[in-house]
Amino acid sequence: MWRRPNQVDLFFSTLTRRLLRRGQFASRDELAAAIDTFVLAYDEHDAKPHRLDL
């Protein structure tokens, strides 16, 4: 059964495609810093409120 992706699914898909798939991180701290930077930039530029179509 098909379901629409929710906001969490969409966010983690975007994180994976834009950062994690091509990223090379020397340490866990470097990965965490890259994710923090990504989240802040995503919130400022790309995040859009979810629209419910009922």
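Residues numbered from 1 in each chain as written. Predicted model: local features only at pLDDT ≥ 70, side-chain atom pairs only at ≥ 80, totals over all residues. Heavy atoms only, no water.

1. A closer look at helix α2 (residues 28-45)
Note the cut-off: A run of H or I in DSSP becomes a helix once it reaches four residues, and a run of E becomes a strand once it reaches two; helices and strands are each numbered from the N terminus. One less than the residue count of a helix, multiplied by 1.5 Å, gives the span that helix is expected to have. Working definition: with a 1.4 Å probe on protein chains only, accessible area under 20% of the residue-type maximum means buried, over 50% means exposed, and in between means partly exposed. For this quantity, the arc is that covered by the directions from the helix axis to the C-beta atoms. For this analysis, residues touch if any pair of their heavy atoms sits within 4.5 Å.
For α2, with 18 residues, the first-to-last C-alpha span of 26 Å sits near the 26 Å given by 1.5 Å per residue. All buried positions along α2 are accounted for by Ala-34, Phe-38 and Tyr-42. Along the long axis of α2, the arc covered by the buried residues comes to 70 degrees, so they all point the same way. Relative to its buried face, α2 has exposed residues pointing more than 90 degrees away, namely Asp-29, Thr-37, Leu-40 and Glu-44. In the core, the buried residues of α2 are packed alongside α1 (7-20).

2. Thoughts on the packing of aromatic side chains
Here is the rule we go by: Between the rings of Phe, Tyr and Trp (Trp by its six-membered ring), a pair exists once the centres lie within 6.5 Å; its type follows the angle of the planes, with under 30 degrees stacked, over 60 edge-to-face, and the other angles tilted.
Enumeration over the complete set of coordinates arrives at four aromatic pairs. Each ring, one from Phe-11 and one from Phe-38, has its centre 6.1 Å from the other, and the planes form 50 degrees; the classification is tilted. Residue Phe-11 is found in helix α1, and its partner Phe-38 is found in helix α2; the two are separated by 27 residues along the sequence. Side by side, Phe-11 and Phe-38 carry an identical accessibility label, which is buried. On the numbers, 5.2 Å between centres and 70 degrees between planes, the contact of Phe-11 with Tyr-42 is edge-to-face. In this pair, Phe-11 sits in helix α1 while Tyr-42 sits in helix α2, placing the two residues 31 residues apart along the sequence.

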